[in-house]
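# Understanding the architecture of this molecule
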Amino acid sequence: MRDFRIDVPEADLDDLRDRLRRTRWPEPATVGGWTQGVPLDYAKELVAYWADEYDWRRCEAELNSYPQFTTGLDGGGDDTVEVHFLHVRSPHENALPLILTHGWPGSVIEYVGLIDALTKPEDPADAFHVVIPSLPGFGFSGKPSVSGWGVERIATAWAQLMDRLGYDRYGAQGGDWGSMITAALGTGMPEALAGIHLTMPLAEAPPQDERRSLSREEKEALMFAKRFKVTGTGYSAEQSTRPQTLGYGLTDSPVGQACWIVEKFWDWTDCAGHPENTIPRDRLLDNVMIYWLTASAASSARLYWESFRKPRMDTVEVPTGATVFPHEMSRLPRHWLERRFTDLRHFSHPVAGGHFASLEQPETFVDEVRTFFRMVR
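Residues numbered from 1 in each chain as written. Predicted model: local features only at pLDDT ≥ 70, side-chain atom pairs only at ≥ 80, totals over all residues. Heavy atoms only, no water.

An unreviewed UniProt entry lists the chain under the name Hydrolase, with Pseudonocardia halophobica as the source organism.

Below, the structure is given as structure tokens:
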């Protein structure tokens, strides 16, 4: 375990601002709105703010206000990756350890605003010791130099991390890739887990002859997922097949990197047409900066190359809670999920929120995490 502190050289920030001011812009889309991607007028507005007003040092200080560390983990393989993580212990000694895992295009930024609520609740019985790692290849974690760092190996690495921290019983929470990794942790290390909480639980569809009739809401959710597969998955096709090629453009162009990410915050959040309706501009850019400053466009995309095309749907027997927000791209019926998560103790549908629930609806997110883990502490 090594202490870690973020200290981005001023020269890197100067270089970013210079690149932003020298952007070569494309022509506008041939249709209005976001149909063809990030609108040119919004991209220019965002980039002007990024270059002239955004303050990285504010975000850096926020992250540095919490204990951060790095440690080498091998996930059961031959090579080791230095993993960056925040580790914030609650003042309440009986707190439950909880590891929270982000996905793409997220980062530890998704959870940093929740740390105080999770570690210092009004009721000490709801307290958590919080561990928030950056995925291998993401943010301030190291980049794998060989293939093999997929979902299951990362889950094994997380078990190593929690063991190294001295936690022999803990909870786990995740969304996006974090949901997949948390579920894999539930399969691989059930004896260590009090339970898992997911915001994007995935399962295979049951055979046709075993399917129950669906409610109107369940049918609408499945239709939403079908539409998303047709119009919203170009990014995953590219990242799961040619992450290296994609990385050249995104690593060299901050505008390219920002638009590649911010478009998903428009599409995947419950934002009524504009990402800043639900997540502040500074927070959107904080998350983009984690990718830009660490040049992690290609290395983060490789997780799709490793695990997207053939995802495993192993049975998970540990106690599970699922909170499915209304603008999540995958909202499966409960009886589909129960075939995989055989001890599904909590299942809820909040009235607002989407894929980045911890940023969109932080109070609801924290309440849902607390509600589930009260059942299994």
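Here strand β9 (residues 344–348) lies mainly inside the structure; 4 of its 5 residues are buried. One ladder, built from 4 bridges, connects strand β8 (residues 320–323) with β9; its direction is parallel. Its bridge partner being in β9, A322 is matched across the sheet by F347. (Buried < 20%, exposed > 50% of the residue type's maximum accessible area, 1.4 Å probe, protein only. Helix = DSSP H or I, 4+ residues; strand = E, 2+ residues; numbered from the N terminus. Pairing = 2+ DSSP bridges.)

When you tally the buried positions in strand β4 (residues 96–101), you get 6 out of 6 residues, the bulk of the element. Here β4 shows two buried faces, one formed by L96, L98 and L100 and the other by P97, I99 and T101. In terms of strand pairing, β4 meets strand β5 (residues 128–133) through 4 bridges, oriented parallel. Bridge pairing links P97 to H129 in β5. The sheet contact formed by β4 and strand β6 (residues 170–174) spans 4 bridges and is parallel. What sits directly across from L98, in β6, is G171.

Note that G247 resides in helix α10 (residues 243–252). The buried category is assigned to G247, whose relative accessible area is 4%. In this structure, the C-alpha to C-alpha distance between G247 and G76, residues 171 residues apart in sequence, is 27 Å. In this structure G247 touches A297 and A298, once residues within four positions along its chain are discounted. (Contact = heavy atoms within 4.5 Å.)

Once that is clear, we can look at the state of the cysteines. By the definition in use, this model includes 0 disulfides. You can see C59 has no disulfide; the closest cysteine sulfur is in C259, sitting 19 Å from it. A residue is classified by how much of its surface remains accessible, and C59, at 0% relative accessible area, is buried. Looking at the unpaired C271, the closest cysteine sulfur is the one in C259, lying at 15 Å. Classification of C271 by relative accessible area gives buried; the value is 4%. (Disulfide = S-S within 2.5 Å.)

Across all of its chains, the model carries 24 salt bridges by this definition. We note a salt bridge from E263 to K264, for which the minimum N-O separation is 2.6 Å. What you see here is one network of salt bridges that share partners, running through E10, D14, R17, R57 and E60. (Salt bridge = Lys/Arg side-chain N within 4 Å of Asp/Glu carboxyl O.)

Let us now look at the packing of helix α9 (residues 234–241) against helix α13 (residues 297–307). Interaxial distance between α9 and α13 falls to 6 Å at its minimum, and their mutual angle equals 85°. Taken together, the axes of α9 and α13 lie roughly perpendicular to each other. Only A301, Y304 and W305 of α13 make contact with α9, whose side of the interface consists of Y235, S236, Q239, S240 and T241. Classifying every residue of the contact of α9 with α13 by side-chain character gives 4 nonpolar, 4 polar and no charged. (Axes fitted to C-alpha atoms, helices over the stretch in contact; angles between N-to-C directions. Parallel < 35°, antiparallel > 145°, perpendicular 65-115°, else oblique. Nonpolar A, V, L, I, M, F, W, Y, C, P; charged D, E, K, R; others polar.)

What follows covers the packing of aromatic side chains. Under the counting rule described, the total for this entry stands at 18 aromatic pairs. Relative to Y42, the ring of W34 has its centre 5.6 Å away and its plane inclined at 45°; by these criteria the two rings are tilted. For W34, a relative accessible area of 10% puts it in the buried group. For Y42, a relative accessible area of 4% translates into the label buried. Centre to centre, the rings of W34 and W266 are 5.0 Å apart; their planes meet at 10°, and the pair counts as stacked. Taken together, the residues span a long stretch of sequence, with W34 in the loop between α1 (10–21) and α2 (40–52) and W266 in helix α11 (residues 254–268) at a distance of 232 residues. We classify W266 as partly exposed; its relative accessible area is 23%. One aromatic cluster is present, built from ring pairs that chain together W104, W177, F228, Y235, F265, W268, Y304, F308 and F356. Across the ring face of Y49, the terminal group of R281 is positioned such that the distance to the ring centre comes to 5.2 Å. Its end group placed over the ring of F224, R331 keeps NZ or CZ at 4.7 Å from the ring centre. (Phe/Tyr/Trp six-rings, centres within 6.5 Å; stacked < 30°, edge-to-face > 60°. Lys NZ or Arg CZ within 6 Å of the ring centre and 35° of its normal.)

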